[in-house]
Amino acid sequence: MTVRLADFSALTFDCYGTLIDWETGILAALRPWLAAHDVDADDEALLAAFGRAESRRQAIEPAAPYPRVLAGVLHDLAAELGAAASEAEALAFGHSVKDWPAFPDSAAALADLQRHYRLVIVSNVDRASFRHSNAKLGVTFDAVITAEDAGAYKPALSHFHLALARLAELGVGRERVLHCAQSLFHDHVPAKRLGLATMWVNRRAGRGGEGATPAAAPVTPDGEVPTLAALVELVELHRRELGGRA
């Protein structure tokens, strides 16, 4: 750790990969298509192909709604794997976010963290899809910034500008904001460009590979935890060390 958690008043969060287990959700949503077209693909290879296709689609169409991005990703995966994908299959995959599960520790950890911090979402998704995920997370965030609001997808900076502006309205300056996320590519690189402190919620610790996230430019987060529950433990440790004054 190169920062003190007591120095922050707000935590901004990526959602998918950090709070919602998008890799499990992606693979579950792809299985009916894989079975229907007799496609045999290794999970890690499939996730890596997803990450490349999603990033490419988001860069080409930064204002496209996320369900349309996902539908296009399925067509791209089909082309890469020598299979077919119908419009109905692409549409179903595009609307699969509602079924993606939360990580087991997310809801309880967010409830604990909300006792000490403002909580803000900065997510590469549309608002309708996020509402389904928010129901699984069980907290009311102080602000929600989506790709639909930003008109772009991370690692573009639009999400962060909007989030910081909203937090400034709430009386929180950027020096009091800690960005918490799994993706180095989507989150830590742009957050660091803006001078934000970051916490790497490294949900893939020990697994190797990039999964559904493209490789990032070199970046050094200010801290690292393997889960959100571990972040809560770290917050409580720091509070105890400071005699409860955090």
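Residues numbered from 1 in each chain as written. Predicted model: local features only at pLDDT ≥ 70, side-chain atom pairs only at ≥ 80, totals over all residues. Heavy atoms only, no water.

Draft legend 1. Focus on the overall build of the protein. In terms of regular secondary structure, the protein is built from ten helices and six strands. Whereas a compact globule of 246 residues would reach a radius of gyration of roughly 18 Å, the protein reaches 18 Å, a difference of no more than 12%. Once the C-alpha set of the protein is aligned to its principal axes, its extents read approximately 60 × 35 × 35 Å. Buried positions account for 52% of the 246 residues belonging to the protein. Partitioning the intrachain contacts of the protein with sequence separation of at least 6 by distance along the chain shows that 71% fall at a separation of at least 24. Accessible surface, the protein as shown: approximately 10600 Å² in total, 53% of it carbon and sulfur. Taken as two groups, the 24 positive and 31 negative side-chain charges of the protein have centres that lie 7 Å from each other. (Helix = DSSP H or I, 4+ residues; strand = E, 2+ residues; numbered from the N terminus. Rg over C-alpha atoms; globule rule 2.2 N^0.38 Å. Buried < 20%, exposed > 50% of the residue type's maximum accessible area, 1.4 Å probe, protein only. Contact = heavy atoms within 4.5 Å. Areas by Shrake-Rupley, 256 points an atom, 1.4 Å probe, with all protein chains shown as cover. Lys, Arg positive; Asp, Glu negative; His and termini not counted. Charge placed at Lys NZ, Arg CZ, Asp CG, Glu CD.)

Draft legend 2. Main features of a negative patch on the surface. On the surface, D38, D40, D42 and D43 cluster together into a negatively charged patch. If you trace the backbone, D40 turns up in the loop between α1 (22–36) and α2 (43–60). (Patch = residues over 30% accessible without salt bridge, like charges linked within 9 Å, V, L, I, M, F, W, Y side chains within 5 Å. Salt bridge = Lys/Arg side-chain N within 4 Å of Asp/Glu carboxyl O.)

Draft legend 3. Focus on the pattern of salt bridges. Throughout the structure, instances matching the rule amount to 19 salt bridges. We note a salt bridge from K154 to D187, for which the minimum N-O separation is 2.8 Å. Within this pair, whereas K154 is found in the loop between α7 (147–150) and α8 (158–169), its partner D187 is found in helix α9 (residues 184–193), the two being separated by 33 residues in sequence. Across the pair, D187 and K154 agree in class, each one buried. By sharing partners, the salt bridges in this structure join E23, E44, R204 and R207 into a single network.

Draft legend 4. Region of interest: unusual backbone geometry. The residue after K154, namely P155, is reached through a cis peptide bond having omega 20°. Mapped onto the secondary structure, P155 falls in the loop between α7 and α8. You will see that D38, though not glycine, has its phi angle at about 55°, which is positive. The topology assignment puts D38 in the loop between α1 and α2.

Draft legend 5. View of the environment of P226. Among the structural elements, P226 can be located in the loop between β6 (223–225) and α10 (228–241). What makes P226 partly exposed here is its relative accessible area of 44%. Note: C-alpha distance between P226 and W200 (26 residues apart in sequence) is 8.0 Å. Setting aside residues up to four positions removed in sequence, P226 forms contacts with N202 and R203.

Draft legend 6. Focus on the nonpolar core. Core analysis: the biggest nonpolar cluster contains 62 residues, and F13, Y66, L113 and F141 have the highest contact counts within it. The element best represented in this core is helix α3 (residues 66–81), accounting for eight residues. Not counting the four nearest positions on each side in its chain, F13 is found in contact with T18, L19, L110, L113, L119, V120, I121, V122, H179, C180 and L228. Residues A10, V122, I145 and A163 belong to the second largest nonpolar core, which totals 15 residues. (Core = buried A, V, L, I, M, F, W, Y, C linked by side-chain atoms within 4.5 Å.)

Draft legend 7. Region of interest: the packing of α2 against α3. In the contact formed by α2 and α3, the axes pass within 9 Å of each other and the chain directions differ by 130°. In this view, α2 runs oblique relative to α3, as classed from their interaxial angle. Of the two elements, α2 crosses α3, and the hand of that crossing is right-handed. Where α2 abuts α3, its residues L46, A49, F50, R52, A53, E54, R56, R57 and Q58 lie against Y66, V69, L70, G72, V73, H75, D76, L77, E80 and L81. (Axes fitted to C-alpha atoms, helices over the stretch in contact; angles between N-to-C directions. Parallel < 35°, antiparallel > 145°, perpendicular 65-115°, else oblique. Left-handed = near helix turned anticlockwise from the far one by under 90°.)

Draft legend 8. A look at the sheet that holds strand β5 (residues 197–201). Here we have six strands laid out as an open sheet, ordered β3-β2-β1-β4-β5-β6, and parallel in their pairing. Because the sheet does not close on itself, it has two edges, and the strands there are β3 (143–146) and β6. Going across the sheet, the axis of each strand differs from the next one's by a mean of 20°, ignoring polarity. Across three bridges, the pairing between β5 and β6 is parallel. Bridged to M199 within β6 is G223. (Pairing = 2+ DSSP bridges.)

Draft legend 9. Fine view of the packing of α3 against helix α4 (residues 87–94). The geometry of α3 relative to α4 is characterised by a closest axis approach of 7 Å and an angle of 130° between their N-to-C directions. If you check the angle between α3 and α4, you find them oblique. Where α3 crosses over α4, the two elements pack in a sense that is right-handed. Within the contact between the two elements, α3 uses P67, L70, A71, V73, L74 and H75 and α4 uses E87, E89, A90, F93 and G94.

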